[in-house]
Amino acid sequence: MFYIVLALYAIILITYLFLFFFIIYHLSRYSINAKTNKIMLPIFAVVSVLLFLSNIMLFFSVDWNTLILKLIFQY
């Protein structure tokens with residue numbers, strides 16, 4: 001059962017990474033001003049990477065086997 005949760009989480013992570021690169025590309029390619037691009041791009045990249053890493057750490061800190069068993073056998 002844990003592998004199903006892990007597979008769904010992997011799909012979410014892949015989607016997040018795809019959107020991250022999509023936004024980075026469009027920020028760098030279609031920026032209105034080069035000066036604001038030099039500010040926006042690093043800030044967005046750093047914040048996104050920190051959110052990504054914190055999400056991974058929080059996901060693996062949850063005991064999924066116990067949680068799934070409690071949810072299934074709760075009734």
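Higher on the page you've got the structure.
Criteria and thresholds
Residues numbered from 1 in each chain as written. Predicted model: local features only at pLDDT ≥ 70, side-chain atom pairs only at ≥ 80, totals over all residues. Heavy atoms only, no water. Phe/Tyr/Trp six-rings, centres within 6.5 Å; stacked < 30°, edge-to-face > 60°. Helix = DSSP H or I, 4+ residues; strand = E, 2+ residues; numbered from the N terminus. Buried < 20%, exposed > 50% of the residue type's maximum accessible area, 1.4 Å probe, protein only. Contact = heavy atoms within 4.5 Å. Core = buried A, V, L, I, M, F, W, Y, C linked by side-chain atoms within 4.5 Å. Axes fitted to C-alpha atoms, helices over the stretch in contact; angles between N-to-C directions. Parallel < 35°, antiparallel > 145°, perpendicular 65-115°, else oblique. Nonpolar A, V, L, I, M, F, W, Y, C, P; charged D, E, K, R; others polar.

K.L.:
For the packing of aromatic side chains, give the residues involved together with the corresponding values.
P.N.:
For the structure on display, the rule yields 9 aromatic pairs. Between Phe-20 and Phe-44 the ring centres are 5.8 Å apart and the planes differ by 15°, which places this aromatic pair in the stacked class. Pair noted here: Phe-20 is in helix α1 (residues 2–29) and Phe-44 is in helix α2 (residues 34–61), with a separation of 24 residues, a long-range link. Its relative accessible area of 13% is what places Phe-20 among the buried residues. Measuring from ring centre to ring centre gives 5.1 Å for Phe-59 and Phe-60, while their planes differ by 85°; the resulting arrangement is edge-to-face.

K.L.:
Please provide a residue-by-residue account of the side chain of Asn-37, values included.
P.N.:
In this structure, Asn-37 sits in helix α2. Of the residues examined, Asn-37 reaches a relative accessible area of 15% and is grouped as buried. Apart from the residues lying within four places of it in its own chain, the contact partners of Asn-37 are Leu-27, Ser-28, Ser-31 and Pro-42.

K.L.:
Tell me about the nonpolar core, and name the residues and values.
P.N.:
Counting 7 residues, the largest nonpolar core is built from Val-5, Tyr-9, Leu-13, Phe-52, Phe-59, Trp-64 and Ile-68. Listing elements by their share of this core, those giving two or more residues are α1, α2 and α3 (64–72). Apart from residues no more than four positions distant in its own chain, Trp-64 is found in contact with Phe-2, Val-5 and Phe-59.

K.L.:
How would you sum up the packing of α1 against α2? Please name residues and give values.
P.N.:
As a packed pair, α1 and α2 sit with axes 10 Å apart at the nearest point and diverge in direction by 175°. As judged from the angle between their axes, α1 and α2 are roughly antiparallel. Taking contact as the criterion, the partners of Val-5, Leu-6, Tyr-9, Leu-13, Tyr-16, Leu-17, Phe-20, Ile-23, Ile-24, Leu-27 and Ser-28 in α1 are, on α2, Asn-37, Met-40, Leu-41, Phe-44, Ala-45, Ser-48, Leu-51, Phe-52, Asn-55, Ile-56, Phe-59 and Phe-60. The class makeup of the residues in the contact of α1 with α2 is 19 nonpolar, 4 polar and no charged.

K.L.:
Lay out the side chain of Ser-48 with the relevant residues and their values.
P.N.:
Within the element layout of this structure, Ser-48 appears in helix α2. The exposure class assigned to Ser-48 is buried, which follows from its relative accessible area of 7%. Ser-48 has contacts with Tyr-16 and Phe-20, leaving out every residue within four places of it along the chain.

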